[in-house]
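# Chain and residue survey
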Amino acid sequence: MQKVKPKLLVIWGKHDLFFDPGEPERYRKDVPKAEVHVLDGGHFALDTKANEIGGLVRTFMKEQK
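To start, this report covers the structure provided alongside it. Along each chain, residues carry numbers from 1 onward, in the same order as the chain's sequence is written. Local features in a predicted model are, by the rule used here, given only for residues with pLDDT of at least 70; side-chain atom pairs are given and counted only at 80 or more, and totals for whole chains, interfaces and linings are based on all residues. The side-chain quantities take in all heavy atoms of the structure and omit both hydrogens and water.

On to the environment of Pro-24. Strands are runs of DSSP state E lasting at least 2 residues, helices are runs of H or I lasting at least 4, and numbering of each runs from the N terminus. By secondary structure assignment, the location of Pro-24 is in helix α1 (residues 23-30). Counting along the chain gives 35 residues from Pro-24 to Thr-59, while the straight-line C-alpha distance between them is 19 Å. The contact definition used throughout considers only heavy atoms, calling two residues in contact when any of these lie within 4.5 Å. Among residues more than four places away in sequence, those in contact with Pro-24 are Val-10, Trp-12, Val-36 and Val-38.

The structure is reproduced here in structure tokens:
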């Protein structure tokens, strides 16, 4: 990722107990322009934040055209 620097969308649940809370921002080390969103959710954020996540993905994909 450091070499290619792809367009990157990171969506994270801030209450995810399985990963370090600083992990989402670490993606910026390799991809400085990564779009990072930390939501008020857990490991299965899609279960509780599907509409919000869907909106973020749609917006991100529209911007890739």
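The next thing to look at is the side chain of Asp-16. Examined against the element boundaries, Asp-16 turns out to sit in the loop between β1 (9-13) and α1. In the analysis that follows, any N or O atom pair within 3.5 Å is treated as a polar contact, provided that within protein one partner can donate a hydrogen and the other can accept it, and provided that, for residues neighboring in sequence, both atoms belong to side chains. Side-chain polar atoms of Asp-16 contact the backbone nitrogen of Phe-18, separated by 2.8 Å. A distance of 2.8 Å separates polar atoms of two side chains, one belonging to Asp-16 and the other to His-43.

Take the nonpolar core next. The biggest cluster of nonpolar side chains holds six residues, and these are Leu-8, Val-10, Trp-12, Val-31, Ala-34 and Val-36. Ignoring any residue separated from it by four or fewer positions in sequence, one finds Val-10 in contact with Pro-24, Tyr-27, Glu-35, Val-36 and His-37. Here the nonpolar core consists of buried residues drawn from Ala, Val, Leu, Ile, Met, Phe, Trp, Tyr and Cys, with membership extended through side-chain atoms lying within 4.5 Å. Burial classes: relative accessible area under 20% of the type maximum marks a residue as buried, over 50% as exposed, and values in between as partly exposed (1.4 Å probe, protein chains only).

Here we come to the pattern of salt bridges. Whenever Lys or Arg places a side-chain nitrogen within 4 Å of a carboxyl oxygen from Asp or Glu, that contact is recorded as a salt bridge. Within this structure, the stated rule accounts for three salt bridges. The partner of Glu-23 in a salt bridge is Arg-26, with the nearest N and O atoms 3.0 Å apart. Here Glu-23 and its partner Arg-26 are both found in helix α1, three residues apart, which amounts to about one turn of the helix. A relative accessible area of 27% means that Glu-23 is categorised as partly exposed. A relative accessible area of 43% places Arg-26 in the partly exposed class. Note that Arg-28 and Glu-25 form a salt bridge whose closest N and O atoms lie 2.6 Å from each other. You can see Arg-28 and its partner Glu-25 sitting in helix α1, three residues apart, about one turn around the helix. Overall, the relative accessible area of 43% leaves Glu-25 in the partly exposed class. In this structure, a network of salt bridges that share partners links the residues Asp-20, Glu-23 and Arg-26.

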